[in-house]
Amino acid sequence: MNYVPGTASLIDDIDKKHLVLLRDGRTLIGFLRSIDQFANLVFHQTVERIHVGKKFGDIPRGIFIVRGENVVLLGEMDMDKPCDAVLQQVSIEEILEEQRLQQQAKQETEKVKMQVLKDRGLSIPKADNLDEY
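Keep in mind that what you see is a predicted model, and the values were worked out from it rather than measured.

### So, the nonpolar core
Reasoning step 1: Ranked by size, the top nonpolar core spans 10 residues in total: Leu10, Val20, Leu22, Leu28, Leu32, Ile35, Leu41, Phe43, Phe64 and Val66.
Reasoning step 2: Going through the elements one at a time, β1 (17-22), β2 (27-35), β3 (41-52) and β4 (55-66) are the ones with two or more residues in this core.
Reasoning step 3: No other element matches the three residues that β2 contributes to this core.
Reasoning step 4: Residues within four places of Leu28 in sequence aside, it is in contact with His18, Leu19, Val20, Leu22, Thr46, Val47, Glu48, Phe64 and Val66.

So this is what it looks like as structure tokens:
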């Protein structure tokens, strides 16, 4: 096989099922239908997979366009390999509730951490403020 530079190397992967991890942490699974020179991707029959602990849920998203700069990881899924994962699939409502509880716990931990730092005379700027500098 000859080396093809850039996003042209993805041409062989069109119409195959892929998993893509985005910069914001979301995980998408779908069939790659199109690409362009900027690595923008078009997926068909896409689901957003949410993982919380040993549970996961799939939210159907349909056709999904991903801007190339938001892709962290892209990989082909092997459809022939049997799934031997220890993860348990749950309903959309259940996984969204689990995710909400996980985010609340994370926010509470972050508040405690910030208070401890403040008590010790340290201050860490919030992520929102970092863009101003």
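### Concerning the pattern of salt bridges
Reasoning step 1: Using the criterion set out here, one finds 10 salt bridges in the structure.
Reasoning step 2: Here Arg26 makes a salt bridge to Asp24, at a shortest N to O gap of 2.9 Å.
Reasoning step 3: Overall, the relative accessible area of 51% leaves Asp24 in the exposed class.
Reasoning step 4: One salt bridge connects Glu48 with Arg61, and the closest N-O pair in it is separated by 2.7 Å. Taken as a pair, Glu48 in strand β3 and Arg61 in strand β4 lie far apart in primary sequence, 13 residues in all.
Reasoning step 5: A residue is classified by how much of its surface remains accessible, and Glu48, at 8% relative accessible area, is buried.
Reasoning step 6: Members of the salt-bridge network, linked through shared partners, are Lys55, Glu94 and Glu98.

### Focus: the environment of Asp15
Reasoning step 1: Inspection of the secondary structure assignment puts Asp15 in the segment before β1.
Reasoning step 2: Here Asp15 is in contact with Phe31, Leu32 and Arg33, once residues within four sequence places are set aside.
Reasoning step 3: Within polar-contact distance, the side chain of Asp15 engages the side chain of Arg33 at 2.7 Å.

### Topic: unusual backbone geometry
Reasoning step 1: Non-glycine residue Asp15 carries a positive phi angle of around 70°.
Reasoning step 2: Its identity is not glycine, yet Ala39 carries a phi of approximately 65°, on the positive side.
Reasoning step 3: In this fold, Ala39 is placed in the loop between β2 and β3.

Conventions adopted
Residues numbered from 1 in each chain as written. Predicted model: local features only at pLDDT ≥ 70, side-chain atom pairs only at ≥ 80, totals over all residues. Heavy atoms only, no water. Core = buried A, V, L, I, M, F, W, Y, C linked by side-chain atoms within 4.5 Å. Buried < 20%, exposed > 50% of the residue type's maximum accessible area, 1.4 Å probe, protein only. Helix = DSSP H or I, 4+ residues; strand = E, 2+ residues; numbered from the N terminus. Contact = heavy atoms within 4.5 Å. Salt bridge = Lys/Arg side-chain N within 4 Å of Asp/Glu carboxyl O. Polar contact = N/O pair within 3.5 Å; in protein donor to acceptor, adjacent residues only side chain to side chain.

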